[in-house]
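A look at the structure
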Amino acid sequence: MDRLALPPKPKGAWKAPVIALVIVAITVVMCLPGIGIGVDLGAITRNWQNGADKIVKLLVPDWSFFPRTIPPLIETLQMAVIASVLGAAVALPVSFWAARNTNPTTAARMVVRGVLNVVRAVPDLLYAAILVAMVGVGALPGILALLLFNIGIVVKLVSEAIDTNDTGPLEAGRAVGATQTQINRTLALPDAWPAFANQALYAFELNVRASTVLGLVGAGGLGLLVDAVRTFYRYDQLSLIILEILIVVIVIDIVSDAIRRRLV
């Protein structure tokens, strides 16, 4: 019996291995001392015990510290919820202004995108530090910093999703004489709604984590408590706070996943 002829290999089969080798080579060069950032793997060998001691301390949470963490934890969740709701309310219309399919005016679209690029370029921790100096220590600067963070992230992702949607219904709306606002509200919004809901939920998950970090500069929430216990090297109390954040993030992820399944 004649053997079956093997199909010829694709002409571009060599490209993937070559690209992988180039990426690995570039990464190695960037790690070399004198050329790149100078990664010193020997430092890990010499100093691993310092980090190991702290990890051991983190494995023994101080459960008696739990009552003191409840008010900051509630404040962190409140900050995340308020910033998520306000950020979503602002991000939805701005997403239509930043998308090519829903804002055909190039100049206006570029202005919106330019402003959003500036908003995303500034770290949320810097926003929080500036706002703490302006309005004082507390939850308000944290909420405002998260609000700016949400707008920059959600608008970026939702506007890109809008640009990938089918433009046929939008062109049909223009053909019958509908205004751009009418087209966006009746045709573009239903298609963009699942992507917007997904990104808004994702931003809420990020807000819970970010609000903890923002507290390190005085922006309220658990971050203030984290900074206090870290200053006194109370790793057992810090471990309890990390465990609480982990549980909250897992619960939010489960609830968000259930909501996404109903929306998609």
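Along each chain, numbering runs from 1 in the same order as the chain's sequence is written. Residues qualify for local features only when their pLDDT is at least 70, as the model is predicted, and side-chain atom pairs are given and counted only at 80 or more; totals for whole chains, interfaces and linings, by contrast, use all residues. Remark: hydrogens and water are excluded; side-chain values derive from all non-hydrogen atoms of the structure.

1. A short note on the pattern of salt bridges
A pair is scored as a salt bridge if a Lys or Arg side-chain nitrogen falls within 4 Å of a carboxyl oxygen belonging to Asp or Glu. Evaluated as defined, the whole model comprises five salt bridges. For E160, the salt bridge is made with K156, and the minimal N-O distance between the two is 2.9 Å. Here K156 and E160 lie together in helix α6 (residues 139-163), a separation of four residues that amounts to about one turn. To sort residues, take the accessible area from a 1.4 Å probe on protein chains only and compare it with the maximum for the residue type: under 20% means buried, over 50% means exposed, and anything in between is partly exposed. Of the residues examined, K156 reaches a relative accessible area of 35% and is grouped as partly exposed. Note that D227 and R230 form a salt bridge whose closest N and O atoms lie 2.5 Å from each other. Taken as a pair, D227 and R230 lie in helix α9 (residues 222-231) at a separation of three residues, close to a single helical turn. Classification of R230 by relative accessible area gives partly exposed; the value is 44%. Salt bridges linked by common partners bring D62, R234 and D236 together as one network. Labels follow the DSSP assignment, with helices taken as runs of H or I lasting at least four residues and strands as runs of E lasting at least two, numbered in each case from the N terminus.

2. Here's the deal with the environment of L146
Counting through the fold element by element, L146 comes out in helix α6. A relative accessible area of 0% means that L146 is categorised as buried. Leaving out residues up to four positions away in the same chain, L146 has contacts with M79, A83, N207, A210, S211 and L214. We call two residues in contact when some of their heavy atoms are within 4.5 Å.

3. Focus: a nonpolar patch on the surface
For patch detection, residues must exceed 30% relative accessible area and be free of salt bridges, and they are connected within 9 Å for like charges or within 5 Å for nonpolar side chains (Val, Leu, Ile, Met, Phe, Trp, Tyr). Note that accessible areas follow from Shrake-Rupley with a 1.4 Å probe, and for residues the cover is restricted to the protein chains shown. A cluster of nonpolar side chains, V24, V28, V29, L32 and I35, forms an exposed patch at the surface whose accessible area comes to about 430 Å². Assignment of secondary structure puts V24 in helix α1 (residues 15-31).

4. Description of the confidence of the model for the protein
Averaged over every residue, the pLDDT of the protein is 82; the share at 70 or more is 91%. In predicted models, pLDDT denotes the confidence assigned by the predictor to each residue on a 0 to 100 scale. Per-element confidence in the protein ranges from a low mean pLDDT of 73 for helix α2 (residues 41-58) to a high of 89 for helix α3 (residues 66-98).

5. Examining the nonpolar core
A general feature of soluble globular proteins is that nonpolar side chains tend to end up buried together. Nonpolar cores are built from buried Ala, Val, Leu, Ile, Met, Phe, Trp, Tyr and Cys residues. Side-chain atoms within 4.5 Å join them into one set. One finds F96, L116, V154, V155, I162 and F196 to be the most contacted residues of the largest nonpolar core, which totals 21 residues. For this core, the secondary structure elements donating two or more residues are α3, α4 (106-121), α6 and α8 (180-214). Ignoring sequence-local partners within four residues, the contact set of V154 consists of A91, S95, F196, Q199 and A203. In terms of nonpolar packing, the next biggest core, distinct from the first, is built from 17 residues, F65, A80, Y235 and L240 among them.

6. Some points on the side chain of E205
Within the secondary structure, E205 is located in helix α8. For E205, a relative accessible area of 8% puts it in the buried group. We call two N or O atoms a polar contact when they sit within 3.5 Å, provided that within protein one can donate a hydrogen and the other can accept it, with sequence-adjacent residues counted only if both atoms are side-chain atoms. At a separation of 3.4 Å, a polar atom in the side chain of E205 contacts the side chain of S256. Each residue touching E205, except ones within four places of it in the same chain, is listed here: I252, D253, S256 and R260.

7. Notes on unusual backbone geometry
With phi around 55°, Y233 is a residue other than glycine that occupies positive phi space. Checked against the element boundaries, Y233 lands in the loop between α9 and α10 (235-263).

8. Describing the packing of α3 against α4
Orientation of α3 relative to α4, taken along the N-to-C sense of each, is 125°, at an axis distance of 8 Å. When the axis of α3 is compared with that of α4, the two are oblique. Mapping the contact onto sequence places V94, W97 and A98 in α3 and R109, V112, R113 and L116 in α4. Within the contact of α3 with α4, the residues separate by chemical class into five nonpolar, no polar and two charged. Here the axes come from fitting lines to C-alpha atoms, over the contacting stretch only for helices, and the angles between their N-to-C directions go from 0 to 180 degrees. Angle categories: roughly parallel below 35 degrees, roughly antiparallel above 145, roughly perpendicular from 65 to 115, and oblique for all the rest. Each residue gets one label: Ala, Val, Leu, Ile, Met, Phe, Trp, Tyr, Cys and Pro are nonpolar, Asp, Glu, Lys and Arg are charged, and the others, such as Gly, are polar.

9. So, the environment of A89
Checked against the element boundaries, A89 lands in helix α3. Between the C-alpha atoms of A89 and I37, which are 52 residues apart in sequence, the distance is 42 Å.

10. A few points about the side chain of S256
When you line up the elements, S256 lands in helix α10. Beyond its immediate chain neighbours, meaning those up to four positions away, S256 contacts L201 and E205.

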